[in-house]
Amino acid sequence: MHELSIAMSLLDALEEEAERRKARVIAAHVRLGPLSGVVKEALVSAFEMARQSTLLANCQLVIEDVPIVVFCPVCNAERPPVSIQEMCCSFCGTPTPRVITGSEMELKALEIES
């Protein structure tokens, strides 16, 4: 379960930022796409487990689901794919390898309390 190592790395980064700002981190906002290779529920569970007995024991993990969007060369537009298994334009059916969003796993924001 690589989500545990991701959660631990995230907590390390949060602890560093809290120390740098001399503040308490209340929540971490993360953007997560279905193509990131990270299972949302597993990350939440791993984060909750890893934060225990740390200075971030009460820190919340807020996950923003990022939809998959591809660029269709025929429509010349950004569109959702038919499905995660079929990366084709949902409007015209053209296969497209160009993913615009959906592979993110990024820390977007922190809520802190001084």
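About the cut-offs
Residues numbered from 1 in each chain as written. Predicted model: local features only at pLDDT ≥ 70, side-chain atom pairs only at ≥ 80, totals over all residues. Heavy atoms only, no water. Pairing = 2+ DSSP bridges. Helix = DSSP H or I, 4+ residues; strand = E, 2+ residues; numbered from the N terminus. Axes fitted to C-alpha atoms, helices over the stretch in contact; angles between N-to-C directions. Patch = residues over 30% accessible without salt bridge, like charges linked within 9 Å, V, L, I, M, F, W, Y side chains within 5 Å. Areas by Shrake-Rupley, 256 points an atom, 1.4 Å probe, with all protein chains shown as cover. Salt bridge = Lys/Arg side-chain N within 4 Å of Asp/Glu carboxyl O. Buried < 20%, exposed > 50% of the residue type's maximum accessible area, 1.4 Å probe, protein only.

Q: Account for the sheet that holds strand β6 (residues 105-113), naming residues and giving values.
A: The mixed open sheet is built from three strands, whose spatial order is β2-β1-β6. What marks the edges here is a single partner per strand, and that holds for β2 (60-65) and β6. On average, adjacent strands in this sheet sit at an angle of 20° to one another, irrespective of strand direction. Looking at chain direction, strand β1 (residues 24-32) and β2 are connected through six bridges and run parallel. Each bridged residue has a counterpart across the sheet, and for Arg 31 the counterpart in β2 is Glu 64.

Q: Go over a nonpolar patch on the surface with me, naming the residues and quoting the values.
A: On the surface, a nonpolar cluster with roughly 200 Å² of combined accessible area is contributed by Leu 35, Ile 84 and Val 99. By the element assignment, Val 99 lies in strand β5 (residues 99-101). The class for Val 99 is partly exposed, based on a relative accessible area of 34%.

Q: Report on unusual backbone geometry, specifying residues and quantitative values.
A: Despite not being glycine, Lys 22 shows a phi value in the positive range, around 55°. Assignment of secondary structure puts Lys 22 in the loop between α1 (2-21) and β1. Its relative accessible area of 70% is what places Lys 22 among the exposed residues. The backbone phi angle of Ser 53 is positive, close to 60°, even though this residue is not glycine. Summarising the element assignment, Ser 53 is placed in the loop between α2 (40-51) and β2.

This is a description of form; function is not addressed.
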